[in-house]
Amino acid sequence: MATRGPGAGAGSTIRVSDMEKMSLEQLKSLKEQSDLEVNLLQDSLNKIRTAAARLEIASSALHDLSLRPQGKKLLVPLTASLYVPGTLDDSDKVLVDVGTGYFIEKTMTEGKDYCDRKINLLKSNYEELIEMASKKKNIADEAGIILQAKLRQSSSST
């Protein structure tokens, strides 16, 4: 996080006073690196948001499934666009995709708990990434301001 003045927080990455001592090339490099990191963090935030939304849908589907009676006819998704007719055999047992092609049989309650735990984990990671992205954005903005000031100063002195 870019901070102003001496005695700024110990957790800060770089201070404005340090940036003011940097050369134009160093400032340009710092700004480009910070901008790149912000973009990567934004991509990660988007992926977390997408994963959380999918888990919310899965949790909702589990709830809907638990309300259906045994023997009920329904469409079973094989892919995102291919569904086949099926019959609900046991609504208390579900297969949970735990990643890389592995599935675990769980009870309906365990499946809902799994989704809720994953959603909470993603939300906490999301908040941490937002904080990091904000700090990196502040560094990039401060570096850009100082870079522009130095460029103006060098152009007016020549």
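Residues numbered from 1 in each chain as written. Predicted model: local features only at pLDDT ≥ 70, side-chain atom pairs only at ≥ 80, totals over all residues. Heavy atoms only, no water.

- As recorded by an unreviewed UniProt entry, the protein carries the name Putative prefoldin subunit 5 and is attributed to Cocos nucifera.
- In UniProt, the protein has this text filed under Sequence similarities (unreviewed entry): "Belongs to the prefoldin subunit alpha family." (UniProt positions renumbered as here; feature names shortened; annotations may be inferred.)

### Observations concerning the confidence of the model for the protein
Close inspection of predicted coordinates is inappropriate in any region flagged by low pLDDT.
Then step 1. Here the protein shows a mean pLDDT of 87. Residues at 70 or above account for 91%.
Then step 2. In the model, residues 1-12 has pLDDT below 50 throughout and makes 21 contacts with residues more than four positions away in sequence or in other chains. (pLDDT = per-residue confidence, 0-100. Contact = heavy atoms within 4.5 Å.)

### Some remarks on the pairing of strand β3 (residues 73-77)
Then step 1. With five bridges connecting them, β3 and strand β4 (residues 83-87) associate as antiparallel partners. When the bridges of β4 are listed, K73 appears paired with T87.
Then step 2. If you look at the hairpin formed by β3 and β4, you'll find five residues sitting between the two strands. (Pairing = 2+ DSSP bridges. Helix = DSSP H or I, 4+ residues; strand = E, 2+ residues; numbered from the N terminus.)

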